[in-house]
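Commentary on secondary and tertiary structure
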Amino acid sequence: MGAAELALPQNVTMVTLNTNYTLSWGWDQSAAESHAVTFTTEYIGRHKLKYKNRSLKWQMACNQTSQRSCDLTRFNLHYLGIYVIRVRANENGHHSDWVAKEFCPDKEAALGPPTEVRLSLAGSVLDVFISDPVTSNNVSMKEKHHPEMYYRIVYWEGSADSQASGVQTLTSSANLVTLPNLMAWTWYCVRVQSRYDFYNKSSSFTSPICMQTEGLTPWWLIFLYFLGSLLICFMLVLLGVLGFFRIYKTVKDLFYPSNQLPSHFKEYLCDSPGSDIPRLLTPDSESELLCDKVIICPEPVLEIHNPPPEALQAPPSGLEPDSSGRHSRQGSSGSGDSGVYSTGGTSGQRQPSSAQTSAGAEASWLGPVNLERVKMQDMAPGLKSQPVITDEGVVDMFV
C-alpha cells in the first residue's frame, strides 16, 4: 500500500490548560483494511526550520501509538516559544503524509480558573481568598508566566442555585479581596474568574460558594441567649444535686442501714459480734448455718362480760340477802337446818349435779350480755391486783 493511499489524520487540534498540552486528532477508520493503525507524533522549534541547509532533528513525542492523542506536557515546552507539531498514520510498514500544526503556549494555551476560593467572615463584610492557577509543576501561573493576570469577582445576594438580579462585579489582582456594601445577616454567593488581557484570555468561573454576613446582635436575641444559658445552668445544677443525693442515700442505706439486725442474728451473719457488716455467704457455707425456730404468738386479750341492767333483777321470793351479799332460803317447816354452800371447794364434790345446774343457770343468765374486748395492757392497774369474784351458787338442803 503506497503512502498516498493511507488516509491522513484529521482535525488536528491542541487541548491546553495553563501548561498542560495535548495534541488530538481524528481519523477515518473505514479507510484502512485492518485495525492495526498507529500514529507517530513529533515536534520541533519553529526557529530551527529557518535553517534549511541544516539537517532537522525532530523530537519524538509519541511513536506508533494506537491512541488518537499525544500528551506533550512532560516535555516542558517553553511557554513563550513557538513550536511545530506534526502527526502521521502508520499501517503495515506504510505511512501517510505528515499533518503539521504550529503552537504557541503563551498565545494559545487556555488560562485556568483559580485553584481555590475561600470566604472569611469579618463582621458585616466578607473577605475572599483566591489561590492562583498553577502550572503542571504546581507553580503559580501569575508569578511565572502572567504577572498582569487579575481576577473578576461576581457576587450576589441569595442562594447558589438562583442568581438574583442585583449582581455586583469586582476586579482585583490581589489574592485577598474584601467585598464592600454588604447587608448584615444576609446570605451572599461568590464566584471568581481568571483573566489575562494581553491575549484576551479568560478562564471559566469557579463554583459558587455562599456565606451569611453578621452585624450588631439585636437586644431580644441577647436576652434570649441569656435565658437559655440560665435554663441550661439550672438544669445542670439540679441534675447534679439530685444525682448526688441519690448516690449518697444509696451508699448510706448500703453501709449504714436504718434497720439493725438483732444481736443473735449478728452472731451468725457478721464476721464478729461488734461488726455491722454482714459477711458474704458461699454455697459451701449454707450447710453450716444454724437456725432457731421462732414462734410468733398473738397478743393476749382479756374478755369481761358485763350484764345489762335489766338482767340484774330482784332476787326470787324466799331469798334474803345477807350482809355479805349472799342469798339464803328458809324451808317451809322453819325448824330444819339451812346452809349456804359455795359452788367451789367441797360443795362441788358433794353436789356435782348442783354445780352443773348452777353453770347452766349462769350461762342462761349471761346470754343477752354484750361482750367488750379490752387489751390487757390498757386495763387499770387495779384490775390486775383484784381477783374476779364470781357469784356463789345457792343449794337448798332439806332435813
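Before reading on, note that the structure itself is shown above.
So, here is what we can say about the structure in this document. (Residues numbered from 1 in each chain as written. Predicted model: local features only at pLDDT ≥ 70, side-chain atom pairs only at ≥ 80, totals over all residues. Heavy atoms only, no water.)

Quick word on the overall build of the protein chain
Inclusion rule: Here a helix means four or more residues in a row that DSSP labels H or I, a strand means two or more in a row labelled E, and each is numbered from the N terminus. Partly exposed residues are those whose accessible area sits between 20% and 50% of the maximum for their type, while under 20% is buried and over 50% is exposed, using a 1.4 Å probe and protein chains only. Throughout, a residue-residue contact means that at least one pair of heavy atoms, one from each residue, lies within 4.5 Å. The method behind every accessible area is Shrake-Rupley, applied with a 1.4 Å probe, and residues are considered shielded solely by the protein chains displayed.
Summing up its helical and strand segments, the protein chain has seven helices and 20 strands in all. Counting every position in the protein chain, which comprises 399 residues, the buried fraction comes to 26%. Contacts in the protein chain between residues far apart in sequence, at least 24 positions, make up 60% of those at least 6 positions apart. Counting every atom, the protein chain has about 28,100 Å² of accessible surface; 56% of that belongs to carbon and sulfur.

A closer look at the sheet that holds strand E2 (residues 20-26)
This is how it is decided: Any two strands between which DSSP finds at least two bridges are classified as paired. Axes here mean lines fitted to C-alpha atoms, for a helix over just the part in contact, with angles spanning 0 to 180 degrees between N-to-C directions.
What the three strands build is an open sheet, ordered E1-E2-E5; its pairing is antiparallel. Of all the strands in the sheet, the pair left with one neighbour each is strand E1 (10-17) and strand E5 (69-71). Taking the axes of each pair of neighbouring strands and ignoring which way they run, one obtains an average angle of 15° across the sheet.

Here we look at the sheet that holds strand E13 (residues 176-179)
Within the open sheet, the three strands sit side by side as E9-E10-E13. Their pairing is antiparallel. Of all strands in the sheet, those with a lone pairing partner are strand E9 (116-122) and E13, marking the two edges. Averaged over all neighbouring strand pairs, the angle between strand axes comes to 25°, with direction disregarded. As paired strands, strand E10 (residues 125-131) and E13 are joined by four bridges and run antiparallel to one another. Looking across to E13, one finds that Val128 is bridged to Val177.

Brief notes about the state of the cysteines
Stated precisely, the cut-off is as follows: By definition, disulfides here are pairs of cysteine sulfur atoms that lie within 2.5 Å.
Counted according to the given criterion, the structure contains two disulfides. Disulfide partner of Cys189: Cys210, at an S-S distance of 1.8 Å. Linking Cys189 and Cys210, the disulfide has an S-S dihedral of approximately 100° and is accordingly described as right-handed. Within this pair, whereas Cys189 is found in strand E14 (residues 187-196), its partner Cys210 is found in strand E16 (residues 209-212), the two being separated by 21 residues in sequence. With a relative accessible area of 0%, Cys189 lands in the buried category. Since its relative accessible area comes to 31%, Cys210 is described here as partly exposed. Each bonded cysteine of the protein chain gets a number by its place in the sequence, and the pairs then read 1-2, 3-4.

Quick word on the nonpolar core
Nonpolar side chains in soluble globular proteins tend to end up buried together. The criterion, for reference: We call a set of buried Ala, Val, Leu, Ile, Met, Phe, Trp, Tyr and Cys residues a nonpolar core when their side-chain atoms join them within 4.5 Å.
Counting residues in hydrophobic clusters, the biggest one holds 42 residues, and the most contacted among them are Tyr21, Leu72, Val128, Leu179, Val190 and Val192. Not counting chain neighbours up to four residues away, the residues in contact with Val190 comprise Leu119, Val128, Ile153, Val154, Tyr155, Leu179, Ser207, Pro208 and Ile209.

Side note on the side chain of Gln193
Applicable threshold: For the purposes of these results, a polar contact is taken to be a pair of N or O atoms within 3.5 Å, where, inside protein, one atom must be able to donate a hydrogen and its partner to accept one; residues adjacent in sequence count only when each atom of the pair is a side-chain atom.
Here Gln193 shows up in strand E14. Among the residues examined, Gln193 registers a relative accessible area of 6% and is labelled buried. At a separation of 2.7 Å, a polar atom in the side chain of Gln193 contacts the main-chain carbonyl oxygen of Ser203. The residues contacting Gln193, other than those within four sequence positions of it, are Tyr150, Tyr151, Arg152, Ser202, Ser203, Ser204 and Phe205.

Note that all results are geometric; they support no functional claim without further evidence.
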